Amino acid sequence: MAEITRVFDLLNLSLEKFNKEDIVASKKNGEWIKYSTQQFVDEANAVSRGLVSKGIKKDDKVAIMSPNRPEWNICDFGIMQIGATQVPMYPTLAENDIKFIAKDAEIRLVFVSDKALYDKLNTVRQRDNANFEIFSFDTIEGVPNWTEIVELGRNNSTIDLEQYRREIKPDDLLTLIYTSGTTGTPKGVMLTHNNLVTNVRESSKLYPAGFSRALSFLPLSHVFERMVFYMYFYLGISVYYAQSMDTIAADIADVKPNGFTTVPRLLEKVYDRIVEKGAALTGVKHKLFFWALNLGLNYEMDGKNGPWYEFQLKIANKLVFSKWREALGGNIMAIVSGGAALQPRLARVFWAAGMPVLEGYGLTETSPVINVNGLRKGEAKFTTVGRTIKDVEVKIAEDGEILCKGPNVMKGYYNRPDLSAEVIDKDGFFHTGDIGEIVDGQYLRITDRKKEIFKTAGGKYIAPQMLENKFKESIFIEQVMVIGENQRFPAALVLPTFSTLEKWCEKSDIPYTTNQEMVKDQRVIDKMWSEIEKYNEDFGNWEKVKKIELLPVDWSIDGGELTPKLSLRRKAILEKYKTQVEQLYKNANQ
């Protein structure tokens with residue numbers, strides 16, 4: 001593959017090597033609107049010239065606040081190839097975070113997607129007398145549209161972009177990504193062209209020949225999906241954007257992609273839906289489904305289960321798993337999972353079904369990939385996040401923390417040399433805040449977040465993620481958060497899977513009223529407790545959850561309980577359910 005040193009080098013590379021009719025596409029009014037490589041490059045160049053015409057200079061900060069759409073990518077390239085720094089802003093950001101980021105980064109201009117985001121941003125701008133301009137992707141009366149910048153660029157076609165590109169070095173700042181602020185004020189992570197280019201180059205080696213079309217739905221505002229988009233460009237893979245999180249199943253059926261990136265929570269939901277449909281079968285079909293499922297749950301890589309198992313698996317694939325593949329478009333070659341721990345049972349059954357899930361690991365500060373499982377023999381191991389990518393060094397500190405060093409590690413936190421010094425030591429190792437171990441001398445296993453491990457009043461350490469991932473194997477548990485810092489025992493806040501619970505109530509002759517009422521029903525509480533007890537058996541006595549509180553309302557990004565990558569905002573959840581937590585531990589026995 002041709003050498004690239006700066007991310008925008010992908011534009012010419014893609015034109016020369018692929019020049020596709022559908023390098024990126026999104027749905028509008030029920031139809032796929034496709035951008036050819038030539039059209040994409042022309043519009044990105046026009047955005048660059050338009051920004052120059054508006055006085056945007058090297059190192060100026062330009063933000064994008066929008067869900068995934070081709071305009072996001074076009075403006076991203078338009079910003080970077082004149083040396084300006086792109087600041088992605090999550091559409092769900094609260095006004096106080098917008099205010100902080102706009103001021104800290106001294107943002108000059110913001111692209112927004114629609115009226116709701118324009119209004120949110122404009123409120124901050126007017127209230128704080130901020131100096132940034134706002135351009136919208138959607139047509140909004142009285143609001144400058146992004147096409148005005150495109151037209152401005154086309155009318156100034158004599159601006160020599162090559163002159164600007166020559167001034168940009170691999171170690172120049174590409175983007176400033178503010179962390180989601182789960183522990184306080186957002187921190188601006190400074191990533192260079194080289195940080196992303198090295199990650200693109202190494203991650204691209206995972207993808208098999210013939211992989212030509214991907215579906216995308218994780219937010220581009222997060223470095224994971226953004227790096228993956230650059231990698232798709234590098235490999236000439238067409239990117240189709242899902243309309244929303246709610247339409248993913250329909251979009252997969254329509255696009256028939258060779259793969260996608262995801263977070264474990266979404267794979268869990270896919271699995272639960274498949275099992276739910278299987279449970280509804282009767283007679284021989286029901287038995288056949290669960291025979292195949294149990295076979296898949298015991299899958300081992302590289303034929304380690306022996307010839308008899310492999311023979312049975314071929315039958316299961318033909319009779320049962322082929323229908324799973326059809327449900328995901330029929331062309332899946334690889335699924336990449338990141339952002340949180342993947343349940344091993346999910347990995348096993350998807351691999352058995354011929355849709356391998358490659359679990360990886362990384363952080364915003366590491367561009368993001370540090371480790372990832374591969375498709376070839378010896379490149380993957382269940383319960384791990386795979387092998388360390390080339391040119392990156394990983395070691396485990398004495399306290400179990402994972403340390404990382406390599407070309408993927410950020411320059412530091414913007415305007416915060418003090419915080420940078422806290423996480424990057426004098427030897428150049430980035431301290432991830434995660435706890436892990438090296439397995440078989442080459443695979444990394446994550447055991448928990450260092451900051452999330454807590455100690456009970458009895459002095460015992462609890463790693464909540466390990467318990468939570470086990471409990472979520474129950475089809476009755478949608479979400480769970482284990483608590484108990486400085487308390488006598490661990491407890492849990494539990495969100496039931498209400499669709500499953502409703503069906504159980506129907507079979508059990510229990511009238512289902514509302515979610516609010518059902519979580520108080522002792523019969524439901526007993527059922528949910530029996531599920532917890534079943535999985536509690538895998539843990540030591542000091543780790544076992546002793547009490548639960550059922551909650552009636554789903555956790556969400558908008559509700560403030562989840563980060564944009566669907567991780568738990570533990571402090572926010574504890575604060576929100578303070579009364580329930582206090583009740584759990586009230587009059588607790590010694």
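Our structure's up above, just so we're on the same page.
Rules of the game
- Residues numbered from 1 in each chain as written.
- Predicted model: local features only at pLDDT ≥ 70, side-chain atom pairs only at ≥ 80, totals over all residues.
- Heavy atoms only, no water.
- Helix = DSSP H or I, 4+ residues; strand = E, 2+ residues; numbered from the N terminus.
- Rg over C-alpha atoms; globule rule 2.2 N^0.38 Å.
- Buried < 20%, exposed > 50% of the residue type's maximum accessible area, 1.4 Å probe, protein only.
- Contact = heavy atoms within 4.5 Å.
- Lys, Arg positive; Asp, Glu negative; His and termini not counted.
- Charge placed at Lys NZ, Arg CZ, Asp CG, Glu CD.
- Phe/Tyr/Trp six-rings, centres within 6.5 Å; stacked < 30°, edge-to-face > 60°.
- Lys NZ or Arg CZ within 6 Å of the ring centre and 35° of its normal.
- Expected span 1.5 Å × (residues − 1).
- Polar contact = N/O pair within 3.5 Å; in protein donor to acceptor, adjacent residues only side chain to side chain.
- Salt bridge = Lys/Arg side-chain N within 4 Å of Asp/Glu carboxyl O.
- Core = buried A, V, L, I, M, F, W, Y, C linked by side-chain atoms within 4.5 Å.
- Pairing = 2+ DSSP bridges.
- Right-handed = clockwise from strand over helix to strand, strands pointing away.
- Axes fitted to C-alpha atoms, helices over the stretch in contact; angles between N-to-C directions.
- Nonpolar A, V, L, I, M, F, W, Y, C, P; charged D, E, K, R; others polar.

A. Structural view of the overall build of the protein. Assigned secondary structure in the protein consists of 21 helices and 25 strands. Relative to its length of 590 residues, the protein is compact, with a C-alpha radius of gyration of 25 Å against a globular reference of 25 Å. Dimensions of the protein along its principal axes, counting C-alpha atoms only, are 75 × 55 × 55 Å. Out of the 590 residues in the protein, the part that is buried amounts to 56%. In the protein, 66% of the contacts between residues at least 6 apart in sequence involve partners at least 24 apart. Taking the average location of the 77 positive side-chain charges in the protein and that of its 79 negative ones, the two points are 3 Å from each other.

B. View of the packing of aromatic side chains. Enumeration over the complete set of coordinates arrives at 22 aromatic pairs. Arranged with centres 6.2 Å apart and planes meeting at 90°, the rings of W351 and F382 form a pair that is edge-to-face. Here W351, found in helix 14 (residues 344-352), pairs with F382, found in the loop between strand 14 (369-372) and strand 15 (387-388); they are 31 residues apart in sequence, far enough to count as distant. In this structure W351 comes out as buried when scored by relative accessible area, which is 12%. When its relative accessible area of 9% is taken as the criterion, F382 is described as buried. Following the ring pairs from residue to residue traces out a cluster consisting of F40, F77, F229, Y230 and F233. Across the ring face of F429, the terminal group of K395 is positioned such that the distance to the ring centre comes to 4.2 Å.

C. Molecular detail of the environment of E21. When you line up the elements, E21 lands in the loop between helix 1 (9-17) and strand 1 (24-28). Distance from E21 to E437, taken between C-alpha atoms, is 45 Å for residues 416 residues apart in sequence. When residues no more than four places from it in sequence are discounted, the contact partners of E21 are K34, Y35 and S36.

D. Expanded view of helix 19 (residues 522-536). Taking 1.5 Å of rise per residue, the 15 residues of helix 19 would be expected to cover 21 Å, and the 20 Å separating its terminal C-alpha atoms lies within 8% of that figure. Where helix 19 is concerned, the buried positions are V524, K527, M528, E531, I532, Y535 and N536. Where helix 19 is buried, its residues contact helix 16 (464-471), strand 23 (477-483), strand 24 (491-496), helix 17 (498-507), helix 18 (515-518) and strand 25 (547-550). Regarding helix 19, its N-cap is D521, as a side-chain oxygen of that residue lies 2.8 Å from the backbone nitrogen of R523 further along.

E. The pattern of salt bridges, seen in detail. According to the stated counting rule, one finds 38 salt bridges in the structure shown. The closest approach of N and O atoms between D76 and R226, which form a salt bridge, is 3.3 Å. Taken together, the positions of D76 in helix 3 (residues 70-80) and R226 in helix 9 (residues 223-235) put the pair 150 residues apart, joining distant regions of the chain. You can call D76 buried: its relative accessible area is 1%.

F. Expanded view of the nonpolar core. Residues F77, F111, F229, Y230, W324, F350 and W555 are the most contacted members of the largest nonpolar core, which totals 145 residues. Element by element, the count of residues in this core is highest for helix 9, at 10 residues. If we skip the residues at most four places from it in the chain, Y230 touches V7, L10, D76, F77, M80, L174, L196 and V200.

G. Geometry of the pairing of strand 11 (residues 259-262). The two faces of strand 11 match: G259 and T261 on one face and F260 and T262 on the other face are all buried. By the bridge criterion, 2 bridges tie strand 9 (residues 213-216) to strand 11 in an arrangement that is parallel. Across the sheet, residue L215 finds its bridge partner in strand 11, namely F260. Bridge count between strand 11 and strand 12 (residues 334-337): 4 bridges; the pairing is parallel.

H. Geometry of the side chain of E478. Position of E478 among the secondary structure elements: in strand 23. When sequence neighbours within four positions are dropped, the list of residues in contact with E478 reads R265, K269, K472, L495, P496 and T497.

I. Broad picture of the pairing of strand 10 (residues 238-241). Residues of strand 10 alternate between two faces, with S238 and Y240 on one and V239 and Y241 on the opposite face, all of them buried. Summarising the sheet, strand 1 and strand 10 pair through 2 bridges and their orientation is parallel. In the sheet register, A25 faces strand 10, and the bridge partner there is Y240. Following the backbone out of strand 9, through helix 9 and into the adjacent parallel strand 10, one traces a crossover that is right-handed.

J. Quick peek at the packing of helix 1 against helix 9. Here helix 1 crosses helix 9 at 35°, and the two axes come no closer than 8 Å. In this structure, helix 1 contributes L10, L11, L13 and S14 to the contact, and helix 9 contributes Y230, F233 and Y234. Each residue belonging to the contact of helix 1 with helix 9 can be placed in one class, and the counts come to 6 nonpolar, 1 polar and no charged.

K. Representation of the side chain of S203. Here S203 lies in helix 8 (residues 193-203). Once you skip the residues sitting within four places of it in the chain, S203 turns out to touch M227, M231 and V369.

L. Representation of the sheet that holds strand 23. The strand order across the open sheet formed by 3 strands is 23-24-25, and the pairing between neighbours is mixed. With one partner strand each, in any of the chains shown, strand 23 and strand 25 form the two edges of the open sheet. Each neighbouring strand pair of the sheet contributes to a mean axis angle of 25°, computed without reference to strand direction. Bridging between strand 24 and strand 25 involves 4 bridges; their strand directions are parallel. Considered in strand 25, the bridge of L493 is made with E549. Set on the sheet, helix 19 makes contact with strand 23, strand 24 and strand 25; between it and strand 25 the angle comes to about 130°.

M. Region of the structure containing unusual backbone geometry. Going from S367 to P368, the amide bond is cis rather than trans, its omega being -10°. Its place among the elements puts P368 in the loop between strand 13 (357-362) and strand 14. Non-glycine residue N29 carries a positive phi angle of around 50°. With respect to the helices and strands, the residue N29 is situated in the loop between strand 1 and strand 2 (31-35). Positive phi, normally seen in glycine, also occurs at D440, with a value near 55°. Mapped onto the elements, D440 comes out in the loop between strand 19 (430-439) and strand 20 (443-449). By relative accessible area, which is 55% here, D440 ends up exposed.

N. View of the packing of helix 11 (residues 264-279) against helix 12 (residues 283-297). With their axes 9 Å apart at the nearest point, helix 11 and helix 12 run at an angle of 145° to one another. In contact with Y271, I274, V275, G278 and A279 of helix 11, helix 12 contributes H286, F289, F290, L293 and L297. When the residues that make up the contact of helix 11 with helix 12 are grouped by side-chain class, the tally is 8 nonpolar, 2 polar and no charged.

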